[in-house]
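So you can see what is in the structure, the chains are spelled out below.
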Amino acid sequence: MKFSPLFVMASVGFVLVGCSGNSSSSSQKVEPNKFVNGYVGASNIHNAVIQAVPIDSQGQTTTEINDDYKEVYVGDKATSTSKAYYSVEIDSDYVGKAMTLIALPKDSSETTVRCQVVSGCASDWAYLAEKALPDDAELRASVGAAEDNMRINVNWLTHLASAFAYTSYIDTSGSEGESPSTARTGIYSPFTIERANLWIGSMFDVSDIISVTALEPAKLNEDSGLDSAQEVEAAFYGALASASQSLAKKAGVTESEWVYGLVSELLQRQGQLYQKGGSDYSLDAIYAAAYDILKNNRDYLKSRSYKVPSSVDTALDRIANLRAGLVDGQLTNVNVTSETVEKWLDRINYAKTFVEDLNERLVNYKGDDPDTCASGTDQSATDCVHSFIDPAYVAKTVEYYDALNVVYKGAAPALNQAMNELRDASLALITCINSGCADGRYNAAQQSLILSGITLTVAGTEEDSVKTDDGKFYAFDIAISSGILSTTYNDGAGTVQSVSIEFAPLVTQNDYGEDVENSPFMRIVYSEPYSRIPLTYVADSQTDTLPVCSECVEPLGFNFFWPYVSVPVTVSDTTQTFDLYVDVSLIGVRDDLTIAGGGNSPYHYNLTDVSLSVLAQGEGEGKLTESGETLTLGDKSEATLTATSANAANYYSDSLWPEADDFFRVREGYEAGLIENGLFSYRVVYAASVLYGTDASDNDVYRTADYIEVNINGYGINRLELFSSDDLGNPGVRKCSVNELAGGVRETDTCTTVVELDENMTIQQLVDEDYLGLFSIPSRGAYRILFNTDSAGKAVLRTDGTDETLNGELEAVFTQGITDLNLRVGQELVECSAADCLSSVSSSFSRLPLAIVDMNLSRETKDEWEVGISAGYDYEYTVGPIPTGSSAQSLYLAYAVGIDDSGSVAYEVSDLAIYRGGVTLFAEEGEALGAMISGDVNYGVDGTDQPCGIINRDQSNASDCRAVGYVNYRGYLVGVIREERDGVYVVRFSDGQFVILGAN
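These numbers were taken from a predicted model, which means no experiment stands behind them.

Conventions used here
- Residues numbered from 1 in each chain as written.
- Predicted model: local features only at pLDDT ≥ 70, side-chain atom pairs only at ≥ 80, totals over all residues.
- Heavy atoms only, no water.
- Helix = DSSP H or I, 4+ residues; strand = E, 2+ residues; numbered from the N terminus.
- Buried < 20%, exposed > 50% of the residue type's maximum accessible area, 1.4 Å probe, protein only.
- Contact = heavy atoms within 4.5 Å.
- Areas by Shrake-Rupley, 256 points an atom, 1.4 Å probe, with all protein chains shown as cover.
- Salt bridge = Lys/Arg side-chain N within 4 Å of Asp/Glu carboxyl O.
- Expected span 1.5 Å × (residues − 1).
- Disulfide = S-S within 2.5 Å.
- Axes fitted to C-alpha atoms, helices over the stretch in contact; angles between N-to-C directions.
- Parallel < 35°, antiparallel > 145°, perpendicular 65-115°, else oblique.
- Left-handed = near helix turned anticlockwise from the far one by under 90°.
- Nonpolar A, V, L, I, M, F, W, Y, C, P; charged D, E, K, R; others polar.
- Pairing = 2+ DSSP bridges.
- Phe/Tyr/Trp six-rings, centres within 6.5 Å; stacked < 30°, edge-to-face > 60°.
- Lys NZ or Arg CZ within 6 Å of the ring centre and 35° of its normal.
- pLDDT = per-residue confidence, 0-100.
- Core = buried A, V, L, I, M, F, W, Y, C linked by side-chain atoms within 4.5 Å.

1. Remarks on the overall build of the chain
Phase 1 of the analysis: When you go through the chain residue by residue, the secondary structure sums to 11 helices and 53 strands.
Phase 2 of the analysis: The buried share of the chain, reckoned over its 1000 residues, is 46%.
Phase 3 of the analysis: Summarising the internal contacts of the chain: among those between residues at least 6 apart in sequence, 63% fall at separations of at least 24.
Phase 4 of the analysis: Surface summary for the chain: the accessible area is close to 47,100 Å², and the carbon and sulfur share equals 47%.

2. Re the pattern of salt bridges
Phase 1 of the analysis: Tallied over the entire structure, the rule returns 40 salt bridges.
Phase 2 of the analysis: Salt-bridge contacts for R140 lead to E138; the nearest nitrogen and oxygen are separated by 2.6 Å.
Phase 3 of the analysis: Residue class for R140 comes out buried when judged on its relative accessible area of 13%.
Phase 4 of the analysis: In this structure, R780 and D591 form a salt bridge, with 2.7 Å as the shortest nitrogen-oxygen distance. Of the two residues, R780 is situated in the loop between β36 (775-777) and β37 (781-785) and D591 in the loop between β25 (574-589) and α10 (592-596); the sequence distance between them amounts to 189 residues. No difference in accessibility class separates R780 from D591, as the two residues are buried.
Phase 5 of the analysis: Linked by salt bridges that have partners in common, R683, E709, R719, E721, R734, E740, R746 and D803 make up one network.

3. Here's the deal with helix α2 (residues 190-204)
Each turn of an α-helix holds 3.6 residues, which means side chains three or four residues apart point in the same direction.
Phase 1 of the analysis: For α2, with 15 residues, the first-to-last C-alpha span of 21 Å sits near the 21 Å given by 1.5 Å per residue.
Phase 2 of the analysis: Within the span of α2, buried status applies to I193, E194, A196, N197, L198, W199, I200, G201, M203 and F204.
Phase 3 of the analysis: Backbone geometry just after α2 places D205 at a positive phi near 60°.

4. Structural notes on the state of the cysteines
Phase 1 of the analysis: Enumeration according to the criterion identifies 6 disulfides in this entry.
Phase 2 of the analysis: Here C432 is linked by a disulfide to C437, with a sulfur-sulfur distance of 1.9 Å. Handedness here is read from the sign of the S-S torsion; for C432 and C437, about 100°, the answer is right-handed.
Phase 3 of the analysis: With a relative accessible area of 5%, C432 lands in the buried category.
Phase 4 of the analysis: Classification of C437 as partly exposed rests on a relative accessible area of 37%.
Phase 5 of the analysis: Between C549 and C552 runs a disulfide, and the two sulfur atoms are separated by 1.9 Å. Taking the sign of the S-S torsion, about 70° here, the bridge from C549 to C552 comes out right-handed.
Phase 6 of the analysis: Look at C552 and you get buried, because its relative accessible area is 17%.

5. Concerning the packing of helix α1 (residues 156-165) against α2
Phase 1 of the analysis: Direction vectors running N to C along α1 and α2 enclose 135°, while the axes themselves pass 8 Å from each other. Judged by the angle between their axes, α1 and α2 are oblique. Regarding α1 and α2, the two cross each other, and that crossing is right-handed. Here W156, L157, L160, A161, F164 and A165 of α1 lie close against α2, whose contacting residues are T192, I193, R195, A196, N197, W199, I200 and F204.
Phase 2 of the analysis: Residue composition of the contact of α1 with α2, grouped by class: 11 nonpolar, 2 polar and 1 charged.

6. Some thoughts on the packing of α1 against helix α4 (residues 255-268)
Angle between the axes and distance between the axes: these two values describe a pair of packed helices.
Phase 1 of the analysis: α4 packs onto α1 with a crossing angle of 40° between their chain directions and a minimal axis gap of 10 Å. It follows that α1 is oblique to α4 by the angle criterion. Both α1 and α4 take part in a crossing whose hand is right-handed. Here W156, H159, L160, A163 and F164 of α1 lie close against α4, whose contacting residues are W258, V259, L262, V263, L266 and L267.
Phase 2 of the analysis: A per-class count over the contact of α1 with α4 returns 10 nonpolar, 1 polar and no charged.

7. A closer look at unusual backbone geometry
Phase 1 of the analysis: In this model, N47 sits at a positive phi of 65°, which is unusual for a non-glycine residue.
Phase 2 of the analysis: Residue placement: N47 occurs in the loop between β2 (45-46) and β3 (49-54).
Phase 3 of the analysis: Relative accessible area serves as the criterion here: at 23%, N47 is assigned to the partly exposed category.
Phase 4 of the analysis: Positive phi, close to 60°, is recorded for D874, a residue that is not glycine.
Phase 5 of the analysis: Secondary-structure assignment places D874 in the loop between β43 (864-873) and β44 (877-879).

8. Some points on the sheet that holds strand β12 (residues 150-151)
Phase 1 of the analysis: The strand order across the open sheet formed by 3 strands is β7-β1-β12, and the pairing between neighbours is mixed. The two strands at the open ends of the sheet, each matched to only one other strand, are β7 (85-90) and β12.

9. Regarding the sheet that holds strand β9 (residues 112-114)
Phase 1 of the analysis: Spatial ordering of the open sheet is given by β2-β9-β10, a layout of 3 strands whose pairing is antiparallel. At either margin of the open sheet sits one strand with a lone partner, and together these are β2 and β10 (130-132).
Phase 2 of the analysis: Here β9 runs beside β10; their pairing, made up of 3 bridges, is antiparallel. The partner of T112 across the bridge, within β10, is A132.

10. A word on the packing of aromatic side chains
Phase 1 of the analysis: Using the criterion set out here, one finds 26 aromatic pairs in the structure.
Phase 2 of the analysis: Ring centres 6.2 Å apart and planes at 85° place the aromatic pair F503 and W562 in the edge-to-face group. One end of the pair, F503, is in strand β20 (residues 496-504); the other, W562, is in strand β24 (residues 557-571), with 59 residues separating them in the sequence. This pair shows no difference in class: F503 is buried, exactly as W562 is.
Phase 3 of the analysis: Ring geometry for F558 against F560: centres 6.0 Å apart, planes inclined by 15°, an arrangement best described as stacked. For the pair formed by F558 and F560, the shared burial category is buried.
Phase 4 of the analysis: A network of ring pairs unites the aromatic residues F503, F558, F560, W562, Y603, Y605 and W657 as a single cluster.
Phase 5 of the analysis: Its guanidinium or amino end placed over the ring of F236, R318 lies 4.0 Å from that ring's centre, counting from NZ or CZ.
Phase 6 of the analysis: For R703, the ring lying beneath its charged end belongs to Y692, and the centroid distance is 5.0 Å.

11. Description of the confidence of the model for the chain
Phase 1 of the analysis: Summarising the model, the chain shows a mean pLDDT of 84, and 88% of its residues fall at 70 or more.
Phase 2 of the analysis: A low-confidence stretch, residues 1-30 stays under pLDDT 50, and its non-local contacts, those more than four residues away or across chains, total 92 contacts.

12. Side note on the nonpolar core
Phase 1 of the analysis: The biggest cluster of nonpolar side chains holds 86 residues, and the ones touching the most others in it are L101, W156 and F204.
Phase 2 of the analysis: Ranked by residues supplied to this core, first place goes to helix α3 (residues 228-251) with 10 residues.
Phase 3 of the analysis: When neighbours within four sequence positions are excluded, F204 is seen to be in contact with W156, L157, L160, F236, L240, L273, L283, I286 and Y287.
Phase 4 of the analysis: Counting residues in hydrophobic clusters, the runner-up holds 73 residues, among them Y393, Y489, V553 and W865.

In structure tokens form, the structure reads like this:
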């Protein structure tokens, strides 16, 4: 696996941090203004005063005496906005020096905080309500070196760190200073501040408490402007920052009082807290409150049909995993050494060293270079080329998957044969139930059919959504009993092989902890309800025509659910057992306009949801003892795929069954710009009395309206009703669907609620101002009515109530996209270095490091998509999307591509998060280091300049290319990255040093 230097197009930090913008620049002699910025609380404290206070030579916040002879802080002030954001100016003399940001309430209860607890923050403080911040409330955040445009958030975690940074400990036990344990006020210094920030970040598993954005839990549905990796961290941090509200409520105190209590607890225990139990301020209590707040807000927003990003679920998993590792009654053991703080402060040199080493390893990711360092080589060695993954492990993995692929290819014909037999047997069973048959496999009394060692039966689906009150069903399940399906197949080499495929139920637990047996079935869905399963047919896949059968019904959709299928296969003396989980749903689409015109348009079936899992287990290769138990192990890998498609119910593919090339394609012959003759007819009616609703006594209420009815010939009728101001209400408009009865009589079916207008309007205005918009027709796209117009471009409408037929233009076509796709592949490989590791437990047999690849993709249209891919080697656990551990080598790539609303500017936004455990670049004992490499590119799509970005570099159609990366360390700009020559990317640090990315 090789990475283009473009992957290193952007901001790098030793931990995952948020980005800040460029510093201002000026050619004038006047020193430009400097600012720091951030969010207050969990992005939920509004109208607070934020003051940037420098630290004086004595390590204290700088003060002065004002005109009223009162001591006040020195420094500029700003006010947090309705989004809890602030930007405050700092004097140029204080840039690069220690500073404390202090957030205080304004007078007269002007400063408010929004409640994030769904059940309410107090008896008089409801969810989402604003409450005045108490007069004694104060939050601080301190930094060792304030820089222009630096992100400095202010919340209880930063306040906790600021208090710890300002605390010294003295000895009162008479042991001459060997174990100082009594807290006293101390001094602020760059060292104590950065040590405290790292300390609290480490304690709560936040990469950087100063610069990471805290998403407000109650606003998770709003666009965060972050990529998926940053969004996980931001949701996690926002939940933590909001936990104080829930814990204060539980303790019966104000939020400020709870924070003061937490500070006291931390200082009393010399910077530690109980992991679990032992105190109301334990990590477990805080994590539990954060989890509940995040989960309850997610559920609340989803219950109101808001879209909540999947990163919230990942953040919840992260909190749950952190809680699972806590020990009851034991204190934390956080420690930040002076060496760590020094490295944290030496931004440029450590960033450069890490980038150089990382660049070498990414270019030689799998060890393809002939001079690749051998396994176990010292990390500081300079006589070989370092790789990201151990080359010996790469060789073992390639060998394993080559063998697995041979076995899979051998198994594929067997699986295809079994599926064909199941399909044919299911159709035979339906025919026997409806028409009788002489098939010896059929049992008429039980309405079942035996296929080899399994039995097929049919029953109506017992779900409220598909069952009618009179006992009919919209769906029927063909159940597959537990058993063995034995079949034969030709292996492609002329040899007839046999295989036994096991079908079995899968036992899971419901929300109440009860066992639930999930049995395999094939569900057939119809557009009309039936008391028994009808004769069923689908079109011939070759001719695309339906068989002649007047009683047969085309299914609307299918669901194939096989929770456990086991297939043992032996090929070339290699045996693998494939355990499968299959859950696939299909929906049928046909062209109603073609049918209305007398043409042929059978249902074609698209994938709506897919969930597949394949577990491949090899034969035992050796024995080892773990936790007192002797285990026989072999190589094992598992692949899981889940996907949901977009527009599946609207796209008419050119194939009967789903194919890979159905996605992101326009239906042939129905491209944008197509004119459909006679597609629409309309009529305008004035001063009609329409059913408006009912009154308090449930009596019908009528209201006078003008309306225009649009008939999509062969599809349906829509009506737009226009109400003027009258005794019953204000001006408004609503949409209704209309049914046409016998004799041409039209009847209103359903209507939307009335949308109020600012003033009375006319039908002419509705048409001219495009209130009608586009009309969506499944299988085709969205059409616009082509009204006749006068010389001024105004629609010429008939006003006599008669119909006029008009053409339509296809403006927006349907293509099938991917709403969500997740693919996860994990492997557990073993190695035997002796002739025999199976006879007994042997030291020559061992597990190899774990490896995993996880991909998430969303691509609803061809030109707009987002992908996230994580890959981890030698990992122990995952933190958000990133595999981590003491020796882990992992990466997470998030990439978003799109075109702006104008359609003329493309953008690419990316983040590559790198995690490396056991790094000895800066510490002999090894440490974990991370990097965030981010890119921001945009360019015109209609030019002829040099290609820009990554996605379309082979197309010379870019113009005005802007592709600049930023090297940041805790929000401090230390350098920029540009493509200085074609394909040559250079990191330029602010002190003049540079690194050329890619292979030199």
